Amino acid sequence: MTSYSDRLKTFPIGEFSRRILNWYENNKRPLPWREDKDPYRIWVSEIMLQQTQVDTVKPYFENFMNKFPTPEALAEAEEAQVMKAWEGLGYYSRARNLQSAVKEVVQDYGGEIPKSPENFASLKGVGPYTKGAVMSIAYDLEEPAVDGNVMRVLARVLLIGDDIGKQRTRRQVEDDVRMLMAGTSPADFNQALMELGALVCTPKNPDCDACPVKNTCRAYQRSMVHALPVKAKKKKQQRRTMAAVVIENEKGEILVEQRPDKGLLAGMWQFPMVEATPDLQQVALNDYLKEAHQVDVELTETEQRFDHVFSHLIWDIHVFRGTAHVQAASPNGKWLTKTEAKQLAFSVSHQKIWEEQL
DNA sequence: TAGCCGTGGAA
DNA sequence: TTTCCAAGGCT
């Protein structure tokens, strides 16, 4: 097997760098976070772009930067407002970690994003990729930024057959990138690799005819592009049946509850919900409402039913309705007017319930 | 290490 | 419909 240190021995590094940089200069997309080199804007964009497509991020980024234009503004904001701005983007710990990290930057670094990769990487939510991306793009430091695009591009160009899901493979590719980027602009080189992966060297049906580095691509030379990168299959998601309920009291208020501050959809608001086998949903829901919210309601099942798909499990959510005749105290939840409830951050599945039932 | 952590787009 | 996976990080 070819080791990472051997891969580059006979590789035309200069030609590769020259070609991909030239291509990037002529083909890069105009993106909101490319308008300047503000380290804060680039940082926010990189967090949003984690496992999230560019087109999805754009409107969130614009809105987020309008509301929290500086590190100080984000540091001082209410967490609930930050979560509301993140509503629908997913991976909500990103938002909490980002605000926590920005607070640290304001307190310990005077609001200046650290120019030291080690210091920046110590912040919450900043891993190997984000460290390299922000340090190289904002400060032009010679740091690799290896994401899924870069793994795929280099797996093909350098004919790497290792599982790209393994951490060891990513570290080896980082070493490769350090060699390849030497003497170039790290900001442009990293973005060029990612842009090529996003626009040309795509997972399916890559456009090799249009590729600026096909001459140097070992997979292309061997007609192996379709077989790379190698990635272990992930196991199927587990299905769970959930019962959610919209309860309204005589004042027109509705009952909402906040999820625990750790785990799935941490801290997000939802209509009261429990896991229950399909034939025991009403029983489970009644028990739960009595115990958690001290409410005793007559339940009606609605027609609404849908899947909420996560990366590792699927909720099959059945929606019920109920009317509360007595307004009981609810330690784990809140009775809110519809206007008040709209200020809270809900997950996408509960936004669907909201739209359908209210 | 591998499982947990959201959502949507594309084929 | 199903599957993959997207500018990943945490534990």
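Residues numbered from 1 in each chain as written. Chains lettered and ligands numbered in written order. Predicted model: local features only at pLDDT ≥ 70, side-chain atom pairs only at ≥ 80, totals over all residues. Heavy atoms only, no water.

(A) Region of interest: the overall build of chain A. Looking only at helices and strands, chain A features 16 helices and seven strands. Considering only C-alpha atoms, chain A reaches an extent of 75 × 50 × 30 Å along its principal axes. Element-wise, carbon and sulfur atoms account for 47% of the exposed surface of chain A, whose accessible area totals about 18,100 Å². Distance between charge centroids for chain A: 7 Å, based on 46 positive and 49 negative side chains. (Helix = DSSP H or I, 4+ residues; strand = E, 2+ residues; numbered from the N terminus. Areas by Shrake-Rupley, 256 points an atom, 1.4 Å probe, with all protein chains shown as cover. Lys, Arg positive; Asp, Glu negative; His and termini not counted. Charge placed at Lys NZ, Arg CZ, Asp CG, Glu CD.)

(B) Highlighting the pairing of strand E2 (residues 254–258). Summarising burial for E2: four of the five residues are buried, a large majority. Relative to strand E7 (residues 333–336), E2 is paired through four bridges, and the arrangement is antiparallel. Across the sheet, residue Leu 255 finds its bridge partner in E7, namely Trp 335. The pairing of E2 with strand E3 (residues 269–270) spans two bridges and is antiparallel. Among the inter-strand pairings, Gln 258 is bridged to a residue of E3, identified as Trp 269. (Buried < 20%, exposed > 50% of the residue type's maximum accessible area, 1.4 Å probe, protein only. Pairing = 2+ DSSP bridges.)

(C) Main features of empty space enclosed by the protein. On inspection of all chains with the given rule, the structure shows one cavity of 30 Å³ or more. Within this model, the largest cavity holds a volume of roughly 100 Å³. Arg 156, Cys 201, Cys 208, Cys 211 and Cys 217 are, among the 15 residues lining the largest cavity, the residues nearest its centre. (1 Å grid on protein atoms, 1.4 Å probe; cavity = no way out; pocket = protein on both sides within 12 Å on 5 of 7 lines; lining within 4 Å. Points joined across faces, edges and corners; volume = space filled by probe spheres on them.)

(D) Expanded view of the environment of Phe 120. Looking at the secondary structure, you find Phe 120 in helix H8 (residues 117–121). In sequence terms Phe 120 and Asp 176 are 56 residues apart; their C-alpha atoms lie 22 Å from each other. If sequence neighbours within four positions are ignored, Phe 120 has contacts with Trp 43, Ile 113, Pro 114, Val 126, Thr 130, Lys 131, Val 134 and Met 135. (Contact = heavy atoms within 4.5 Å.)

(E) Main features of the protein's contact with DNA strand C. Contacts to DNA strand C come from 28 residues, most closely from Gln 51, Gly 125, Thr 130, Asp 147 and Asn 149. Sugar plus phosphate: this is where 60% of the atoms of DNA strand C within 4 Å of the protein reside. Asp 147 has a polar side-chain atom sitting 2.4 Å from a sugar or linking oxygen of DNA strand C. Measuring from a phosphate oxygen of DNA strand C, one finds a side-chain N or O atom of Asn 149 at 2.7 Å. (Near = heavy atom within 4 Å. Polar contact = N/O pair within 3.5 Å; in protein donor to acceptor, adjacent residues only side chain to side chain.)

(F) Structural context of the side chain of Thr 184. One can find Thr 184 in the loop between helix H11 (167–181) and helix H12 (186–199). Polar side-chain contacts of Thr 184 include one of 2.8 Å to the backbone oxygen of Met 181. The contacts of Thr 184, once residues within four sequence positions are left out, are Ser 17, Leu 21 and Phe 189.

(G) Molecular detail of the layout of surface pockets. Quantified by volume, the second largest pocket comes out at close to 160 Å³. Residue lining of the second largest pocket: 14 residues in total, with Glu 79, Met 83, Gln 258, Gly 267 and Trp 269 positioned closest to the centre. Looking at the lining of the second largest pocket residue by residue, the classes come out as seven nonpolar, three polar and four charged. Structurally, the lining of the second largest pocket is a two-domain feature, drawing no fewer than three residues from each of domain 1 (13–227) and domain 2 (238–356). (Nonpolar A, V, L, I, M, F, W, Y, C, P; charged D, E, K, R; others polar. Domains from an automatic or database assignment.)

(H) Geometry of the UniProt feature "domain: HhH-GPD" (unreviewed entry) in chain A. The feature "domain: HhH-GPD" (unreviewed entry), as annotated in UniProt, sits at residues 48–199 in this numbering. The straight-line gap between the two end C-alpha atoms of residues 48–199 is 19 Å; of that span, 67% is helix and 0% is strand. (UniProt positions renumbered as here; feature names shortened; annotations may be inferred.)

(I) Here's a closer look at the side chain of Asp 316. Residue placement: Asp 316 occurs in strand E6 (residues 313–324). Looking at Asp 316, the relative accessible area reads 9%, which means it is buried. At a separation of 3.1 Å, a polar atom in the side chain of Asp 316 contacts the side chain of Arg 305. The residues contacting Asp 316, other than those within four sequence positions of it, are Arg 239, Arg 240, Thr 241, Met 242, Arg 305, Phe 306 and Asp 307.

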